[in-house]
Structures are given as C-alpha cells and as structure tokens.
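# Reading the structure
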Amino acid sequence: MESFSFTTPAKKSVAKRAHIGVVGSGDLEILLEPGTSGTTVFNVRTASEGFKETWRAVFKRFTVHHDIDAIITINDFGATPGVVSLRLAQAVEISNQTKK
C-alpha cells in the first residue's frame with residue numbers, strides 16, 4: 001500500500017461534496033469536497049506501488065481542465081489512468097449539479 005499527496009493552485013469553487021466509485025478489484029473510489037485554500041489537493045492511497053509519476057501526469061491533465069478548489073481523496077485498487085480520469089470528471093460533474 002502506498003500513500004502520497006499532490007497540491008496545485010486553483011481558482012474555481014465547487015458547489016458540494018461528491019462520492020464516485022467503489023474500492024474493489026481494479027477500481028477506485030473518489031471523495032471530493034469543496035476546499036477553502038485556493039488549491040486542489042489530491043490524497044491518494046493505492047494498492048499499486050511505484051506509479052506516483054503516472055498519478056502526477058493524470059492530475060496535471062485534470063487540473064488543466066478543472067481548476068477547482070477542492071480536496072480529492074482517492075482510494076485505489078489498481079485502476080488504469082483512463083478510469084481515474086473518468087471518475088475525476090464524474091466527481092466534478094456531481095459536485096457542480098444543482099437540485100431540480
């Protein structure tokens with residue numbers, strides 16, 4: 001098990017918390033909560049060790065499109081970078097939805 005964090009500057013706020021996915025074989029869980037520090041904080045716990053630079057690249061690509069002030073907690077069990085990107089986008093979409 002490996003744990004690490006990344007932080008990048010951010011400007012846009014999100015409306016509410018979001019929870020996406022489940023920790024299970026080959027998948028991951030993302031918890032997104034609005035931040036107050038003007039940064040995007042990524043906290044990762046993963047069963048796959050040695051992929052920190054891959055995670056960094058995924059987060060760099062994400063923050064280009066989603067400059068959000070948020071704390072994002074990721075619990076991973078071997079998800080691919082494509083799945084991580086998809087789940088992150090889903091979390092942002094849910095966090096910005098308004099009730100109808």
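The notes below deal with the structure included here.

Calculation rules
- Residues numbered from 1 in each chain as written.
- Predicted model: local features only at pLDDT ≥ 70, side-chain atom pairs only at ≥ 80, totals over all residues.
- Heavy atoms only, no water.
- Axes fitted to C-alpha atoms, helices over the stretch in contact; angles between N-to-C directions.
- Helix = DSSP H or I, 4+ residues; strand = E, 2+ residues; numbered from the N terminus.
- Left-handed = near helix turned anticlockwise from the far one by under 90°.
- Contact = heavy atoms within 4.5 Å.
- Nonpolar A, V, L, I, M, F, W, Y, C, P; charged D, E, K, R; others polar.
- Expected span 1.5 Å × (residues − 1).
- Buried < 20%, exposed > 50% of the residue type's maximum accessible area, 1.4 Å probe, protein only.
- Arc of directions from axis to C-beta.

### Regarding the packing of helix α1 (residues 52–65) against helix α2 (residues 81–95)
In the contact formed by α1 and α2, the axes pass within 10 Å of each other and the chain directions differ by 35°. For the crossing formed where α1 meets α2, the hand is right-handed. Residues T54, W55, V58, F59 and F62 of α1 pack against P81, V84, S85, L88, A89 and V92 of α2. Among the residues making up the contact of α1 with α2, the classes are represented as nine nonpolar, two polar and no charged.

### Overview of α1
Given a rise of 1.5 Å per residue, 14 residues ought to cover 20 Å, and the 21 Å separating the end C-alpha atoms of α1 matches this to within 8%. Burial in α1 covers these residues: W55, V58, F59, F62 and T63. Viewed along the axis of α1, the buried residues span an arc of 130°, placing them on a single side of the element. Exposed and facing more than 90 degrees away from the buried side of α1 are E53, K60 and V64. On its buried side, α1 packs onto β1 (2–9), β4 (39–46), β5 (70–76) and α2.

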